[in-house]
Amino acid sequence: MDQPGQSLAKMRATAPLVQNITNYVAMNVMANIMLAAGASPAMVHAREEAAEFTALAQALTINIGTPSPAWAEAMVETARTAHRLGKPWVFDPVAVGATGYRRDLGVRLLACKPTVIRGNASEILALAGMQTAGKGADAADSVEAAKDAARDLARQTGAVVAVTGPIDVVTDGACIAEIANGHPMMPRVTVLGCSLTGIVAAFLVDQDPFEATVAALAYYALAGEMAGEMAGEAKGPASFQTAFIDALYGMSPEALNDGARISLS
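Here's a quick rundown of the structure. Fair warning: this is a prediction, and the values are worked out from it, not measured in the lab. Starting from 1, residues in each chain are numbered consecutively following that chain's sequence as written. Reporting in this predicted model follows two pLDDT cut-offs: at least 70 for local features of residues, and 80 or more for side-chain atom pairs to be given and counted; totals over whole chains, interfaces and linings ignore these cut-offs and use all residues. To get the side-chain values, all heavy atoms of the structure are used, and hydrogens and water are removed first.

Only DSSP runs of H or I reaching four residues or more are called helices, and only runs of E reaching two or more are called strands; each is numbered from the N terminus. Secondary-structure assignment places Asp168 in strand β7 (residues 168-171). Residue exposure (1.4 Å probe, protein chains only): buried if accessible area is under 20% of the type maximum, exposed if over 50%, otherwise partly exposed. Two residue types count as positive, namely Lys and Arg, and two as negative, namely Asp and Glu; His and chain ends fall outside the count. A carboxyl oxygen of Asp or Glu within 4 Å of a side-chain nitrogen of Lys or Arg is what we treat as a salt bridge. Buried within the structure, Asp168 lacks any salt-bridge partner; Arg118 is the closest side chain of opposite charge, at an N-O distance of 7.1 Å. Polar contact is the term for a pair of N or O atoms within 3.5 Å; when the atoms are in protein, one must be able to donate a hydrogen and the other to accept it, and sequence-neighboring residues count only if both atoms are side-chain atoms. A polar side-chain atom of Asp168 sits 2.9 Å from the main-chain amide nitrogen of Gly165. Any pair of residues with heavy atoms lying within 4.5 Å of one another is described as a contacting pair. With residues near it in sequence (within four places) discarded, Asp168 still touches Val163, Ala177, Glu178, Ile179, Leu217 and Ala221.

Relative to the elements of secondary structure, Ala154 occurs in helix α7 (residues 143-157). If we skip the residues at most four places from it in the chain, Ala154 touches Ala159, Val161, Thr171, Asp172 and Gly173.

Stacked, tilted and edge-to-face are the three classes applied to pairs of Phe, Tyr and Trp rings, where Trp contributes its six-membered ring and a pair requires centres within 6.5 Å; stacked means planes under 30 degrees apart, edge-to-face means over 60, and tilted covers the rest. Applying the stated criterion across every chain yields a total of five aromatic pairs. Taking 4.9 Å as the distance between ring centres and 80 degrees as the angle between the ring planes, the aromatic pair formed by Tyr220 and Phe244 counts as edge-to-face. Residue Tyr220 is found in helix α9 (residues 209-230), and its partner Phe244 is found in helix α10 (residues 237-250); the two are separated by 24 residues along the sequence. Just as Tyr220 is buried, Phe244 falls in that class too. In textbook terms, an aromatic cluster arises when at least three aromatic residues are bridged by ring pairs, as seen for Tyr220, Phe240 and Phe244.

Now for the nonpolar core. In these notes, a set of buried Ala, Val, Leu, Ile, Met, Phe, Trp, Tyr and Cys residues joined through side-chain atoms within 4.5 Å is what counts as a nonpolar core. Ile33, Ile199, Phe203, Tyr219, Tyr220 and Phe244 are the most contacted members of the largest nonpolar core, which totals 53 residues. At the level of elements, α1 (4-14), α2 (27-37), β6 (160-164), β8 (176-179), α8 (192-204), α9 and α10 are the ones that each hand at least two residues to this core. For this core, the element with the highest residue contribution is α9, accounting for 12 residues. Those residues in contact with Tyr219 that sit more than four places away from it in its chain are Leu8, Arg12, Ala37, Ile199, Phe203, Leu248, Tyr249, Met251 and Leu256. The next biggest cluster of nonpolar side chains, apart from the first, holds 39 residues, and it includes Trp71, Ala74, Leu109 and Ile117.

Moving on to the pattern of salt bridges. According to the stated counting rule, one finds seven salt bridges in the structure shown. Among the ionic pairs, Glu178 bridges to Lys147, the shortest N-O distance being 2.6 Å. Residue Glu178 is found in strand β8, and its partner Lys147 is found in helix α7; the two are separated by 31 residues along the sequence. A relative accessible area of 14% places Lys147 in the buried class. The partner of Asp148 in a salt bridge is Arg151, and the shortest N-O contact between them spans 3.1 Å. Placement of both Asp148 and Arg151 in helix α7 is noted, with a separation of three residues, approximately one turn of the helix. Judged by relative accessible area, Arg151 falls into the partly exposed class, the value being 22%. One network of salt bridges, with partners in common, ties together Glu144, Lys147 and Glu178.

An expected span of 1.5 Å times one less than the residue number is assigned to each helix. Taking 1.5 Å per residue, 15 residues should reach 21 Å; α7 reaches 20 Å between its end C-alpha atoms and fits that length. By definition, a residue's bend is the angle between the axes fitted to the seven residues ending there and the seven starting there. The axis of α7 is deflected most strongly, by about 30 degrees, at Ala149. When α7 is considered as a whole, its buried residues turn out to be Val143, Ala146, Lys147, Ala149, Ala150, Leu153, Ala154 and Thr157. Close packing links the buried residues of α7 with α5 (100-110), β5 (116-120), α6 (121-127), β6, β7 and β8. Gly158 sits one or two residues past α7 and shows a positive phi near 80 degrees.

Written as structure tokens, this is what we have:
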């Protein structure tokens, strides 16, 4: 496996155009985070143009945080287009187990063959059809409890599955990588998880899906650690968010190689 800094350097050199169909809460923060990392975000979700725009984008993300009928159809149409055109796309199944509407939408999107599925432990368990203690978009299950479900889901779908939490887990159904970076303040800032989905998509362009996903998660989690240090005088999540965006912008490939704590099995 290549060092994660190489993936970061490749992503920045490409500055990929990533189409994001995400939720109302996430759009502004996600766009700023992706710009800081070196990618080019496009928040194009209207059904009338979304699938057409997918042909222009280099990657796609779909997040079901605030679904509606029109958005749901746009999601399915863009996912089908991305798959047909051979473009990588990332599925973020926010609160997929909370309602029947979300579960049905999750099934439809899985049929469109995502390149990567990224969610918290409860979302991955629900998507795999297993019992979960999740509370809406919040995880109430441990990453360890979702590890087997993630591996099974990867084997069933052909996607790389990333389970994010205190220690992130990434699997392609055969290999498992664990990333031990991060900071306790990260879950206190809304939509950092949603924004990570866009970072994963940016790393996927012209890169191996498993290695790119591991590198993206390591980059993001290490930025959280750096933000914690930069915001040593911070009083809470607002100051941390500012420091986090600065850390994404300022991190070098060499710093990522030095700081990433990745284990493979």
